[in-house]
Every structure is written in C-alpha cells, then in structure tokens.
Amino acid sequence: MAVSAFAWLLSLLVAVPARPSCRSYRIHSTISRIGFLKALGGGVSAAILPEDMGNGVPRLTTSCVDDEIPAQGGYSSACMRRDIQEFHLSDGREIVIRQDFNRGATGLAVWQSGKALASYMESLGREFWVGRRVVELGCGAGLCSLVAHYLGAQDVVATDGNSQVLALAARNIETNRLPDPAGSISAVPLQWGVASGTGRDGGTQGIFGGVDVVIGSDLTYTGQTWIQLAKTVADLLDGEDNNTKGERKACGKGGGTGRFLYCSAGHSQFGGEIDGFRTVAESMGLEWELEFEFSIPGSSSLGDSHKFATIAWIRRKGTIDEILYAS
C-alpha cells in the first residue's frame, strides 16, 4: 500500500512540467534579518537607528555636509550651490557631479534625498544591480542613475521633464560614463502621465519595456503631480518586452515584476507628502511593500548626528515576486 502511494506521488511529480525560474529581489539592509522580521510583524514602517549602521555595509560617501534650509518657498544648501559635488563609492571610485543650482530649476543640483537614495542603492550590493534594467524618474543631475551604472545595471535610462535639467544630467553621464561598461546609460525626456510609451500607450516601448527597478527621489513635494507620477510608475512597472513576457506569464503575474524604489527627505514645509502620495498611488493600482528610514550621508541636521530620509519599496498590486530580506 505504501509503495503504491509513493508511486502515485512520483507520477504526479513527473507529470508536472518544469516551471521557469521566477526572478527574486534580494534586498540587503543595514538591520539584521531578525530585525526585519520584528519590523514586519509590527507594521510596514521600521526605523533604522544609527547604531544599526556600518557593519561593513557599503555606503556612498561625500565630503560636503548638507543642511537644507528653507529659502524663498523652497530649500537650499551650501552644497547645492557648489559648482561640483564629489561622491565616492565604497570601492574608491569617484562620481563627479556638476551643478547649476543658481539658474533656478530645482533639478540642477543634488538634494539630500538623492544622496540617501544613492547610498542605499550601494548598500544593496552590486549583485542586486547586475543585469537590471533601471529607469530613474526626475533624475536631476544624474547621480542615482550613475550609481546604478557603476553597480553593474545592464541598462539605465535617466529621465526628466525639464530640458535644462536633462541636459545637465546628460553632461554628467558623459563625464562619468565607465570607459568599458557592461551596460548602457542614457538620458531621455519623459513627461509624467502622458502617452509616453511607458505601458500600453505610445511608441517608445523599446526604451521603457521590461523595467526591473524604477528609482526616484524627492518627487512628491507637490500634490499637483501625484496622479501623474503614480500613473507613470504604474505604467513602467506594467511594461513588458519580449525577453520578460514569457517569464512573467509562466510565473503567474498579471503585469510587470518590477519595483519602484523611492526616497524622500521629508522637508518640514511639505509635511504628509509620503502619506498623501501613498493614498493616491494605492488608488491607482500600486502598493507599499516596505517603508523605513535611512540616514543621509554627509548630513548633520543642524547639530544632530544623523538626518533620516524615508525609503519605500513599491510595486503593482498583484505582483507576486518573492522578496528576500538578508542581513
């Protein structure tokens, strides 16, 4: 009886066709695996405290201490007014970002949130980025796109809706482009919320199809753009190309498998921006997987030892990729 039961189970296993490997996202953090489990048990928000940092985790560094202070209805800092900001990856490689903040457009300089996002991106480790297709929204001067490029992303597209800002990003990309890269990097204009080919509409599917990670920082400071931003993110994460369509169908996914990695420094004048954007985004088919705080490199927060930015991992509802949290 036992033998026949075993034979029956074996026949079922043999009859089931092999399923293609479904790609997983391995997210490394500065807090331990146990800490993640505790945090997830208590809700979606978890603070990363200063004492949890370090421990050999790679972090982007900069020599300029940034304190963004209110100025003329917005924010400014001494670092943003510099002609150049220099950043160093943990392996010693340098990224030199030219700025032109005094010309008026907010994207013509590196903000604190961009520094935090770039640093968190490196903390994930090179193995996370190798082979990924990355699109940055509101790329500004191009720092985060360049970090993805340096960490081995297969294809990086830096986008912005301001032509002046995009020209600066393109200049920084050309100056810092790796001499013999394994992947490509480019700067492309993109207006949020229009028929731009980011999903089912438009004609630039080849540029934006099959995105693995959408990145962005300081994009939610005005509620007037939340709907357009959420639509663009949802379309990008729903995009497919011929290389990923079969895998996604086999893995049981109705749409794309990508994630939106977002960072906000949470300026006091724009209180509630993350919660407000989240409400809008969730009504448009997005959902939060994880939200926590991450320290801003080179920040003193006007006397405090650390200033924190909010990091959020966001996906389309119904996406079932497994996320593996590792210490």
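Further up the page is the structure itself.
Note that this is a predicted model, so its numbers are computed, not measured.

Caption draft 1: Spatial organisation of the overall build of the protein chain. Broken down by element type, the protein chain carries 10 helices and 15 strands. Every one of the 327 residues in the protein chain was classed for burial, and the buried ones make up 51%. Taking all contacts inside the protein chain whose residues are at least 6 apart in sequence as the whole, residues at least 24 apart take part in 71%. Surface summary for the protein chain: the accessible area is close to 14700 Å², and the carbon and sulfur share equals 54%.

Caption draft 2: Local environment of helix α10 (residues 273-283). Those residues of α10 that sit buried are E273, I274, G276, F277, R278, V280 and A281. Tucked inside the fold, the buried residues of α10 contact α8 (226-238), β12 (259-264) and β13 (286-295). Just past α10, the residue G285 takes up positive phi, approximately 95°.

Caption draft 3: Expanded view of the state of the cysteines. Using the criterion set out here, one finds 1 disulfide in the structure. Between the sulfur of C64 and that of C79 lies a disulfide, 1.7 Å long from S to S. Across the disulfide from C64 to C79, rotation about the S-S bond amounts to roughly -100°, and the bridge is consequently left-handed. Here C64, found in the loop between β3 (61-62) and β4 (69-71), pairs with C79, found in the loop between β5 (74-76) and β6 (84-88); they are 15 residues apart in sequence, far enough to count as distant. An identical accessibility class is assigned to C64 and C79; each is buried.

Caption draft 4: Spatial organisation of the packing of α8 against α10. Closest axis-to-axis distance for the α8/α10 pair is 9 Å, and the angle between their directions is 60°. Here α10 runs oblique to α8, going by the angle between their axes. In this structure, α8 meets α10 at a crossing whose hand is right-handed. Across from W226, I227, L229 and A230 in α8, the residues of α10 making contact are E273, G276, F277, V280 and A281. Here the contact of α8 with α10 is composed, by residue class, of 7 nonpolar, 1 polar and 1 charged.

Caption draft 5: View of the packing of helix α3 (residues 112-123) against helix α5 (residues 143-150). For the pair α3 and α5, interaxial distance at closest approach is 9 Å and the crossing angle is 10°. Classified by the angle their axes make, α3 and α5 are roughly parallel. Seen from α3, the contacting residues are G114, K115, L117, A118 and M121; seen from α5, they are L143, C144, V147 and A148. Residues that form the contact of α3 with α5 fall into these classes: 7 nonpolar, 1 polar and 1 charged.

How each quantity is defined
- Residues numbered from 1 in each chain as written.
- Predicted model: local features only at pLDDT ≥ 70, side-chain atom pairs only at ≥ 80, totals over all residues.
- Heavy atoms only, no water.
- Helix = DSSP H or I, 4+ residues; strand = E, 2+ residues; numbered from the N terminus.
- Buried < 20%, exposed > 50% of the residue type's maximum accessible area, 1.4 Å probe, protein only.
- Contact = heavy atoms within 4.5 Å.
- Areas by Shrake-Rupley, 256 points an atom, 1.4 Å probe, with all protein chains shown as cover.
- Disulfide = S-S within 2.5 Å.
- Axes fitted to C-alpha atoms, helices over the stretch in contact; angles between N-to-C directions.
- Parallel < 35°, antiparallel > 145°, perpendicular 65-115°, else oblique.
- Left-handed = near helix turned anticlockwise from the far one by under 90°.
- Nonpolar A, V, L, I, M, F, W, Y, C, P; charged D, E, K, R; others polar.

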